[in-house]
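Descriptive structure summary
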2 protein chains.
Amino acid sequence: MRASDKAYAALRDDIIEWRLLPGTVLAEVEQSERLGISRTPLREALSRLTAEGLTTTAGGRGVVVTDISLDDIDELFELRETLEGRAAALAAERGDPATFEQLRRELLQAPELIGGQDPALHDYYGLVGRLDAAIDAAISNAYLVQAMRSLRVHLVRVRRLAADDAARLTAAAAEHAAIAEAIAAGNPRLAEAATTLHLHRSLSHVKATHTPQQREHHG
Amino acid sequence: MRASDKAYAALRDDIIEWRLLPGTVLAEVEQSERLGISRTPLREALSRLTAEGLTTTAGGRGVVVTDISLDDIDELFELRETLEGRAAALAAERGDPATFEQLRRELLQAPELIGGQDPALHDYYGLVGRLDAAIDAAISNAYLVQAMRSLRVHLVRVRRLAADDAARLTAAAAEHAAIAEAIAAGNPRLAEAATTLHLHRSLSHVKATHTPQQREHHG
DNA sequence: TGGCTGAGTTCTGTATACATAAGCCTTGTA
DNA sequence: TACAAGGCTTATGTATACAGAACTCAGCCA
């Protein structure tokens, strides 16, 4: 693995997991020493992070970790609804029904996983990830997939702020199952509607658990 | 201006204007000497180009200019319709009617510009750009704007392949005027429909003028 | 006492030298 | 003559040294 890849992965993880808080200045010498590499590969890593929007160049004085405000979350979900709604519709038109029918069945059994310990929870998140991957594969549109992929980076960051309790995860699994069912049925409008519903509930949950007061705790 | 910015702008322009054809290998020493800079800023420029999708790393053997196939054009316009349709709808909800009413009036007079020489044509393209900018400003969603911005890079590249004759430009101006009118009227569904119509006609025009045979002429 | 100016420091931006790995060509052998 | 193995060439990946710019802080002047 290249040193720049390692630095990129490490910094990306630190930002997403909120170990590097918004506003933190990523000085090149400091970070390169911390990661045990030279400045050259670190700069490439910072370039990639900036291209993704996780950092911004602060007017010639280093790069800083970007903030995510409540307004940003609204904007993120507005774009997410646009992209994933269309993606679900396209998947319903082009996807293989059997694939999504299988995912639907697994998602209906997901509540058994949610109550369990970490390994089971990990299985649940993997299942949701497989649904996303199946949709990506079904729509066969590299540009749309890329747009969603770049969006998911920020969404993971937001998700880390919201406490995903068992109740919300159980409800989310049902919503995901509804999306899979609509896609398996080949019904684009239903798939889009199910996605819209799911995203609105997700957003409500995030905004409910992530109050401005709790937000201050982080920054 | 930084050397890496200069290299990025130069390479980006060369790719968009098809002076660097798809499949061209951008060797670091070769390009750095051509642009009169060192390898370090050139590598940063290549990183940015790769992040944008204009180039790809060819499995450890340099970066090559990405190709745009007919399938890619379909995918590009599918994403474009998704994003710009939603953007037009949001602009209709949130934009200032007077701004778009003014743009509509100017667009209706655009045919006078299209018949003229280069400076007038430049004015026309500037006018269309102002409509895009007005929509971007009206929706007030940085993530959606960013997604459209990254998409436009590829669209400019495609546009260079299509011969924009006066007839198509005149029709396009009318379509743009219809979009501006719908936004000014504050009608989201109409704005989205007008955008969908415009993009479908644009795509038809591109695919009609840009046959696979002509495509071969480039590659 | 407040603001401005200057040197000092520390950062980023760039160039270059070195390390390493991946092709490719050559050569030898079957 | 075809295939494989090895060295050679050339590319990228990395480190480091140097240059330039910007921020800071102290000292001076109004």
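Residues numbered from 1 in each chain as written. Chains lettered and ligands numbered in written order. Predicted model: local features only at pLDDT ≥ 70, side-chain atom pairs only at ≥ 80, totals over all residues. Heavy atoms only, no water.

1. Let's talk about the sheet that holds strand 1 (residues 25-26) of chain B
Residue and element names in this part refer to chain B. Reading across the sheet, the three strands line up as 1-3-2 and stay open at both edges, with antiparallel pairing between neighbours. Because the sheet does not close on itself, it has two edges, and the strands there are strand 1 and strand 2 (55-57). Here three bridges tie strand 2 to strand 3 (residues 63-65), and the two strands are oriented antiparallel to one another. By the bridge assignment for strand 3, Thr56 is matched with Val64. (Pairing = 2+ DSSP bridges. Helix = DSSP H or I, 4+ residues; strand = E, 2+ residues; numbered from the N terminus.)

2. Points about the sheet that holds strand 1 (residues 25-26) of chain A
All names here are of chain A. Strand order in the open sheet formed by three strands is 1-3-2, and the pairing between neighbours is antiparallel. Every other strand in the sheet has two partners, leaving strand 1 and strand 2 (55-57) as the edge strands with one partner each. With two bridges connecting them, strand 1 and strand 3 (residues 63-65) associate as antiparallel partners. Paired with Leu26 across the bridge in strand 3 is Val63.

3. Remarks on the relation of the copies chain A and chain B
For the match of chain A to chain B, the screw axis carries a shift of 0.0 Å, the RMSD comes to 0.1 Å, and the turn is 180 degrees. The two molecules are tied by a two-fold rotation axis, judged by turn and shift. A shared binding surface is used by both copies, with 100% of the interface residues of chain A retained as interface residues in chain B. (Least-squares fit on C-alpha atoms with pLDDT ≥ 70 in both. Contact = heavy atoms within 4.5 Å.)

4. Observations regarding the domain arrangement of chain A
How big an interface is tends to be expressed through the accessible area that disappears when the partners come together. Residue and element names in this part refer to chain A. According to the domain assignment, chain A consists of domain 1 (3-65) and domain 2 (70-218). Of the residues lining the interface, 11 residues belong to domain 1; the matching set on domain 2 comes to eight residues. Carbon and sulfur atoms supply 60% of the area that domain 1 and domain 2 bury against each other, a total of about 940 Å² over both sides. Interface area lost by domain 1 to domain 2 is led by Ile16, Trp18 and Leu54, which between them contribute 55%. At the junction of domain 1 and domain 2, the tally comes to one salt bridge. Note that Arg160 is salt-bridged to Glu17, the shortest N-O span being 2.9 Å. If you look at where domain 1 meets domain 2, you find three residue pairs in polar contact (both at pLDDT 80 or more). Of all the elements, helix 1 (residues 3-16) adds the most residues to the side of domain 1 that touches domain 2, at three residues. Residue classes in the side of domain 1 that touches domain 2 are distributed as seven nonpolar, one polar and three charged. (Domains from an automatic or database assignment. Buried area = accessible area lost by both parts, 1.4 Å probe. Salt bridge = Lys/Arg side-chain N within 4 Å of Asp/Glu carboxyl O. Polar contact = N/O pair within 3.5 Å; in protein donor to acceptor, adjacent residues only side chain to side chain. Nonpolar A, V, L, I, M, F, W, Y, C, P; charged D, E, K, R; others polar.)

5. Looking at the protein's contact with DNA strand D
Inspection of the region around DNA strand D gives 16 residues, with Arg2, Ala3, Ser38 and Thr40 of chain A together with Arg39 of chain B positioned closest. Near the protein, within 4 Å, the atoms of DNA strand D are sugar or phosphate in 54% of cases. Here Arg39 of chain B contributes a side-chain N or O atom positioned 2.9 Å from a base nitrogen of DNA strand D. A distance of 3.1 Å separates a phosphate oxygen of DNA strand D from a polar atom in the side chain of Arg43 of chain B. Listing elements by their share of the surface near DNA strand D, those giving two or more residues are helix 1 and helix 3 (39-52) of chain A together with helix 3 (39-52) of chain B. Per element, the largest residue contribution to the surface near DNA strand D is three residues, and it comes from helix 3 of chain A. A per-class count over the surface near DNA strand D returns five nonpolar, five polar and six charged. (Near = heavy atom within 4 Å.)

6. Considering the interface of chain A and chain B
Contacts between the two partners involve 22 residues from chain A and, on the opposite side, 22 residues from chain B. Interface area for chain A against chain B, summed over the two sides, is near 2,100 Å², with a carbon-plus-sulfur share of 51%. Inspection of the region where chain A meets chain B yields six salt bridges. Here Arg86 of chain A and Glu81 of chain B are joined by a salt bridge, their closest N and O atoms 3.7 Å apart. Of all elements in the fold, only helix 3, helix 4 (70-94) and helix 8 (142-159) of chain A reach the threshold of two or more residues within the side of chain A that touches chain B. Sort the elements by how many residues they give to the side of chain A that touches chain B and helix 4 of chain A lands first, with 11 residues. A per-class count over the side of chain A that touches chain B returns nine nonpolar, five polar and eight charged.

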